Amino acid sequence: MRGPLYISTILGILSQSCVFIPVPKNETNERRKDIIKNTGAKLYIEIDQERDTITHHTIGNSGKKITYPESTIYIIHTSGTTGSPKGVMIGEQSLVNCLEWHIDFLNIKPSDCIAQVSRPTFDFSIPEIFLPLTTGASMYIPKYPLGENFIYFLEELSNSKTTILQLVPTVLSRFINYYEDNPNKIVNLNKIQHLVCNGEKLSDNLRKRFYKVLPQAILHNCYGPTEACVAVTEYKCEMEKTSLPMLIGKPAPNVFLFLSNSDSEDKNKYEIFIGGVHNSFGYVNDNKKTRESFITMNFNGIKETLYKTGDEVKVINGEIQFLGRKDRQVKYKGVRIELSEIENIILSSKLCKDVRVEMIKEEEKEIETFHLACFIVLSNFATEDQIKSWMTSNVPADRLPSKLYYLKEMPFTKHGKLDTGKLIKIHKDKIKKHYKTLDKSNLALSILENMCGRSINKNELMGFLNLDSLSLIDLYFRLKNENLEFYGDLSILNNISVEKFCSTLSQKKSRIKS
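Predicted model only: the values in this text are computed from it and were never measured.

Draft legend 1. Broad picture of the overall build of the protein chain. Within the protein chain, the secondary structure is distributed over 15 helices and 21 strands. Across the 514 residues of the protein chain, 53% fall into the buried class. For the protein chain, long-range pairs separated by at least 24 residues make up 63% of all intrachain contacts whose partners lie at least 6 apart in sequence. With the model as given, the accessible surface of the protein chain reaches about 24800 Å², and the carbon-plus-sulfur share is 49%.

Draft legend 2. Region of the structure containing the pairing of strand S9 (residues 218–223). With five of six residues buried, S9 lies mostly within the body of the structure. For the crossover that starts at strand S8 (residues 194–197), traverses helix H7 (residues 204–213) and ends in the parallel S9, the hand is right-handed. With four bridges joining them, S9 and strand S10 (residues 233–236) adopt antiparallel strand pairing. Of the residues in S10, the one forming a bridge with Cys222 is Glu234.

Draft legend 3. Structural detail: the pattern of salt bridges. Enumeration over the complete set of coordinates arrives at nine salt bridges. Two residues, Arg174 and Glu409, come together in a salt bridge whose shortest N-O distance is 3.7 Å. A residue pair is termed long-range when its members are at least 10 positions apart, and Arg174 in helix H6 (residues 169–181) and Glu409 in the loop between strand S21 (403–406) and helix H11 (420–429) qualify at 235 residues. With relative accessibility at 2%, the residue Arg174 sits in the buried group. In this structure, Lys208 and Asp204 form a salt bridge, with 3.9 Å as the shortest nitrogen-oxygen distance. Here Lys208 pairs with Asp204, and both are found in helix H7, just four residues apart, close to one helical turn. The class of Lys208 is buried, set by a relative accessible area of 18%.

Draft legend 4. Looking closely at the state of the cysteines. Following the criterion strictly, the structure yields zero disulfides and no others. As a non-bridged cysteine, Cys98 has Cys229 as the owner of its nearest cysteine sulfur, 4.2 Å distant. Judged by its relative accessible area of 2%, Cys98 falls in the buried class. No disulfide involves Cys374; its sulfur sits 7.5 Å from that of Cys352, the nearest cysteine. Judged by relative accessible area, which is 0%, Cys374 ranks as buried.

Rules behind the numbers
- All residue numbers refer to position in the chain's written sequence, counted from 1.
- In keeping with the predicted nature of the model, local features appear solely for residues at pLDDT of at least 70, side-chain atom pairs appear and are counted solely at 80 or more, and the whole-chain, interface and lining totals rest on all residues.
- The side-chain figures draw on all heavy atoms in the structure; neither hydrogens nor water molecules are used.
- For the purposes of this entry, the term helix denotes a DSSP run of H or I that reaches at least four residues, the term strand denotes a run of E that reaches at least two, and both are numbered from the N terminus.
- Think of it in three bands: residues with accessible area under 20% of the maximum for their type are buried, residues over 50% are exposed, and the middle band is partly exposed, with areas taken using a 1.4 Å probe on protein chains only.
- Whether two residues touch is decided by their heavy atoms; if any such pair falls within 4.5 Å, the residues are in contact.
- Surface accessibility in these figures is a Shrake-Rupley result with a 1.4 Å probe; residues are shielded only by whichever protein chains are displayed.
- Here is how to tell: hold the view so the strands point away, follow the path from the first strand over the helix to the second, and if it runs clockwise the crossover is right-handed.
- Criterion used throughout: strands pair if DSSP finds at least two bridges between them.
- A carboxyl oxygen of Asp or Glu within 4 Å of a side-chain nitrogen of Lys or Arg is what we treat as a salt bridge.
- Any two cysteine sulfur atoms lying within 2.5 Å of each other are counted as a disulfide.

Right, dumping it as structure tokens:
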């Protein structure tokens, strides 16, 4: 659901002073109904890019009338802690300020080309759509979305005139992995001048790897929740070989940050509160949640509404370093610890590409026990014994993880964020990989089962595995690590059996036919 038809549909909706609410085409009927009911939508528009058609359905009375602030432009839904989607209402002033800010820090000119690669339901897609329209820059819309066939996407990208690209760090890591494995193809990326990261924490290790692959480009580390129109801060990462704290930079014009350590035991750590024009109007049809998250504070007699992010930072020489969620602080064996701190210690070993530490509760015969589990993506030439030995010597004993799991890549959600639920499932199910002892067909099946976290019947259709676009990127790299490859698009994969998929993979570089 991207491309000319989608963009023209958005412009048509806005021209009628209406609000656009992107919904994934493959969304479940239940969630789609929840969104329609929650927003009071009156029209549902389906876009088929392949057939170049638009169909619309008038929606009857969905319950009580829902009203929005007059200048609401769009509503993006995020996953609530209860599982019900939260609709974030973004206004015209927020969007205009956000676009003007991007134009300034990216120095966008009519000669630029901006890639549209983000899912429409992810607010990263907003600048990809509106920046070209407001600057006269070109818009590159790949024929193959990055998850349907990662290789085709990269080949298309390298042949395009793209100068500005946005990727969440999880996807950027896979992007860099590919070019580290295929250094002869790096020259094809020499047109890229700016790469913008947002959506999750950018590691210093990834910054270093980025500049080895794209030394001519600038890596921008942005920060901002959906509730504050895409992003609120930007930092131009330095091309420096030594380790640096990952800073998030200064706030956008007409945006201010309020840092509070009133609830923190460590007075060097602060929670971010966001104020200014980027803030949304709150959550549609949820006044209670809006009041909890958007609080009013008095500054010298002037009342300001601030968004309470729940994100924690510290200040280094006047610059802000992002640490992570406040709720990543845990009490383990009576000691309050920060899980991100353990991760940073392990990453400093330079023996791993990525690491995640989780505290996991287990219950057996009504007795609760807690474990620190560490999930590690090793560097190319590091061994399990090396990282174990290093951790024993360098991680404080009171926070040394008791369980270690070695992954080819970190799992991530359809929005490109780390999927901690899958990590916890890996721990609880005690998944052990024995790929080397399997024939190639069973090896592919084992990879799929580890990705899905369950046993898979070979007669199942690939479409029933619910592998979203980004999961297919992960699948590509896992297969490639075992010298297996697949070619074909998502629609073909959806309609073949798991057995046919696995048997086709037994022949390297074979093409899957429908």
